[in-house]
Amino acid sequence: VQLVESGGGLVQPGGSLRLSCAASGFSFSRYYMSWYRQAPGKERELVAGITNTGGSTNYAGSVKGRFTISRDNGKNTVYLQMNSLKPEDTAVYYCKTTFLRDYWGQGTQVTVSS
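One numbering rule holds for all chains: residues counted from 1, following each sequence as written. Since the coordinates come from a predicted model, pLDDT governs what is reported: local features require at least 70, and pairs of side-chain atoms require 80 or more to be given and counted, while whole-chain, interface and lining totals use all residues. Water and hydrogen atoms play no part in the side-chain values, which are based on all heavy atoms of the structure.

Overview of the side chain of Thr97
(1) Moving on: Runs of H or I in DSSP of at least four residues are treated as helices and runs of E of at least two as strands, each being numbered from the N terminus. Turning to its location among the elements, Thr97 is positioned in strand 9 (residues 91-99).
(2) Moving on: One polar contact links the side chain of Thr97 to the main-chain carbonyl oxygen of Tyr32, over a distance of 3.1 Å. In the analysis that follows, any N or O atom pair within 3.5 Å is treated as a polar contact, provided that within protein one partner can donate a hydrogen and the other can accept it, and provided that, for residues neighboring in sequence, both atoms belong to side chains.

A closer look at the nonpolar core
(1) Moving on: Core analysis: the largest hydrophobic core is formed by 28 residues, its most contacted members being Trp35, Leu80, Met82 and Tyr93.
(2) Moving on: Elements with a minimum of two residues in this core: strand 3 (17-24), strand 4 (33-38), strand 5 (45-50), strand 7 (67-72), strand 8 (77-82), strand 9 and strand 11 (108-112).
(3) Moving on: Here this core gets 4 residues from one element, more than from any other, and that element is strand 3.
(4) Moving on: Residues are treated as being in contact if the distance between any of their heavy atoms lies within 4.5 Å. Discounting residues that sit within four places of it in the chain, Met82 has contacts with Gly15, Ser16, Leu17, Leu19, Arg66, Phe67, Tyr93 and Val110. The set of buried Ala, Val, Leu, Ile, Met, Phe, Trp, Tyr and Cys residues whose side-chain atoms join them within 4.5 Å is what this entry labels a nonpolar core. Buried residues are those whose accessible area, probed at 1.4 Å on protein chains only, stays under 20% of the maximum for their type, while exposed residues exceed 50% and partly exposed ones sit between those limits.

Concerning the state of the cysteines
(1) Moving on: The rule for a disulfide is simple: a pair of cysteine sulfur atoms within 2.5 Å. According to the stated counting rule, one finds 1 disulfide in the structure shown.
(2) Moving on: Residue pairing for Cys21: its cysteine sulfur links by disulfide to Cys95, the two sulfurs lying 1.9 Å apart. Torsion about the S-S bond of the Cys21 and Cys95 cystine: about 50 degrees, corresponding to right-handed handedness. One end of the pair, Cys21, is in strand 3; the other, Cys95, is in strand 9, with 74 residues separating them in the sequence. Like Cys21, the residue Cys95 is buried in the burial classification.

In structure tokens form, the structure reads like this:
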């Protein structure tokens, strides 16, 4: 199982980024996918999750209405569209799936700063 995140970077407050997580090594379309983030000195927290078909999603209260999780099962990729970014969104963002055990990507840094 391999998860590879991309799309992070430096963005000004109010800006947007789109993260991608390319998955391989398992039947992607059968599994729930989620995005987590970890800010310096803080615990890793759930940001958003999406069911295997994409038919249901859930979000942390702090990002609801600003972030959108989606997936393309044909491309084995899950996305996180992040709009109206705030400095408190600064963190390393990870994608995760659970297939017998939890699998994590290496993370991608998102920095929101002017």
